[in-house]
Amino acid sequence: MVSMSTDEQIALLQRNFDDVARQDGMSGVEFWYARDLQSLLGYVRWENFSVALERAKTACKNASGRIEDHFRDVTKMVDLGSGAKREIADVMLTRYACYLIAQNGDPRKEQIAFAQSYFAVQTRRQELIRDRMNLLARLDARERLKEAEKRLSQNIYERGVDDDGFARIRSKGDAALFGGNTTAEMKNKFGMPENRPLADFLPTLTIAAKNLATEITNHNVEANDLRGESPITREHVQNNLGVREMLNARGIIPENLPPAEDIKKLERRVRTEEKRLAQNSKLQRNEDNL
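Below is a summary of the structure that appears in this document. (Residues numbered from 1 in each chain as written. Predicted model: local features only at pLDDT ≥ 70, side-chain atom pairs only at ≥ 80, totals over all residues. Heavy atoms only, no water.)

## Describing the pattern of salt bridges
To keep it simple, the criterion reads: The term salt bridge refers to a pairing of a side-chain nitrogen on Lys or Arg with a carboxyl oxygen on Asp or Glu at a separation within 4 Å. Strands are runs of DSSP state E lasting at least 2 residues, helices are runs of H or I lasting at least 4, and numbering of each runs from the N terminus. Here the term buried applies to any residue with accessible area under 20% of the maximum for its type, exposed to any over 50%, and partly exposed to those in between, with areas from a 1.4 Å probe on protein chains only.
Considering all chains together, one arrives at 19 salt bridges under this definition. The partner of Arg168 in a salt bridge is Glu229, with the nearest N and O atoms 2.8 Å apart. Note that Arg168 is positioned in helix H7 (residues 163–177) and Glu229 in helix H10 (residues 229–249), a separation of 61 residues in sequence. Arg168 sits in the partly exposed class, given a relative accessible area of 40%. Owing to a relative accessible area of 25%, Glu229 belongs among the partly exposed residues under this scheme. Between Arg244 and Glu255 there is a salt bridge, with its nearest N and O atoms 2.7 Å apart. Highlighted residues: Arg244 in helix H10 and Glu255 in the loop between H10 and helix H11 (263–289), separated in sequence by 11 residues. Taken individually, Arg244 and Glu255 each receive the classification buried, so the pair is uniform in this respect. Bridged by salt links that share partners, the residues Arg142, Arg196, Asp200 and Asp262 form one connected network.

## Considering a positive patch on the surface
Put simply, the rule reads: Note that patches include only residues with greater than 30% relative accessible area and no salt bridge, and the join distances are 9 Å for like charges and 5 Å for nonpolar side chains (Val, Leu, Ile, Met, Phe, Trp, Tyr). Here the accessible surface of atoms and residues is derived via Shrake-Rupley with a 1.4 Å probe, and residues count as covered only by protein chains that are part of the display. For the purpose of counting charges, residues Lys and Arg are taken to be positive, whereas Asp and Glu are taken to be negative. His and the chain ends are not included. By convention, the point assigned to a charge is CZ for Arg, NZ for Lys, CD for Glu and CG for Asp.
On the surface, a cluster of positive charge is contributed by Lys146, Lys264, Lys265, Arg268, Arg271 and Lys275. Per-element tally for the positive patch: the top contributor is H11, with 5 residues. Within the secondary structure, Lys264 sits in helix H11. With relative accessibility at 41%, the residue Lys264 sits in the partly exposed group.

## Overview of the packing of aromatic side chains
Using the following cut-off: Classification of ring pairs rests on two measures: the distance between centres of Phe, Tyr or Trp rings, Trp counted by its six-membered ring, which must be within 6.5 Å, and the angle between planes, read as stacked under 30 degrees, edge-to-face over 60 and tilted in between. Note on geometry: a ring has a charge over it if NZ (lysine) or CZ (arginine) is within 6 Å of the ring centre and within 35 degrees of the ring normal.
In the structure shown here, the tally under the stated rule is 3 aromatic pairs. Each ring, one from Phe31 and one from Tyr33, has its centre 5.2 Å from the other, and the planes form 90°; the classification is edge-to-face. The residues Phe31 and Tyr33 share a single accessibility class, namely buried. Ring geometry for Tyr43 versus Phe49: centroids 5.5 Å apart, planes at 65°, classification edge-to-face. Across from the ring centre of Trp46, 3.9 Å away, lies the NZ or CZ of Arg35, which sits over that ring.

Structure, rendered in structure tokens:
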């Protein structure tokens, strides 16, 4: 038997885990079958593997997770030879479920040690990708709102309204969108610093709603050549009320939506996690080369 180096063993284990990963045709969610994972983790008997499986389910429940979201009981037909088939029990596992099984497996097994790191890193990477996608969506919405408000500021300045007037118009627009709550009141409701923009703490949906109302105001101010604070205020309030009515019709109350994570804090966290994952990968490669 040809002996393998540590690098070769790690590469083989990774290929094995990657090769048996499957994808649900309806949801597109990645999953593993417990019977496949059993052999990969070095368990010969299903009865012994079931112990780690049940412990993993308990860990999932204790972590306030829904067991059925990560462990789905199924039955499969297997070939017995000579064309005969038999139905056996199996379990569809999410990546998180696989991680919990590895954490509750026999630590003396080399495969378990690898799986603990494999699924921990992959799970964290998936969370990081989700965070980054959420961040990019919020950043895009935030940038669009920033540009729309910059254009509104320029529009009303050219029509005889100063910076204080712009602040009043924007606050009254917020009050119309948020059921009577002004910008300052929404900041107080969220417990956010007075010197930070409200939009930095709004969920993507609300940022998009503010942007839509502001873009409509810009269009009508320019198209109808509205001048002076009062007519522009009326226009902006009506547009925010219109957007609010649209949201209300879909069961969405803007002022009752929970605040989102501070967008600047989210940016820093994503950058930090990306650097940490990159450093960990580099350290692991260095250790493997020793």
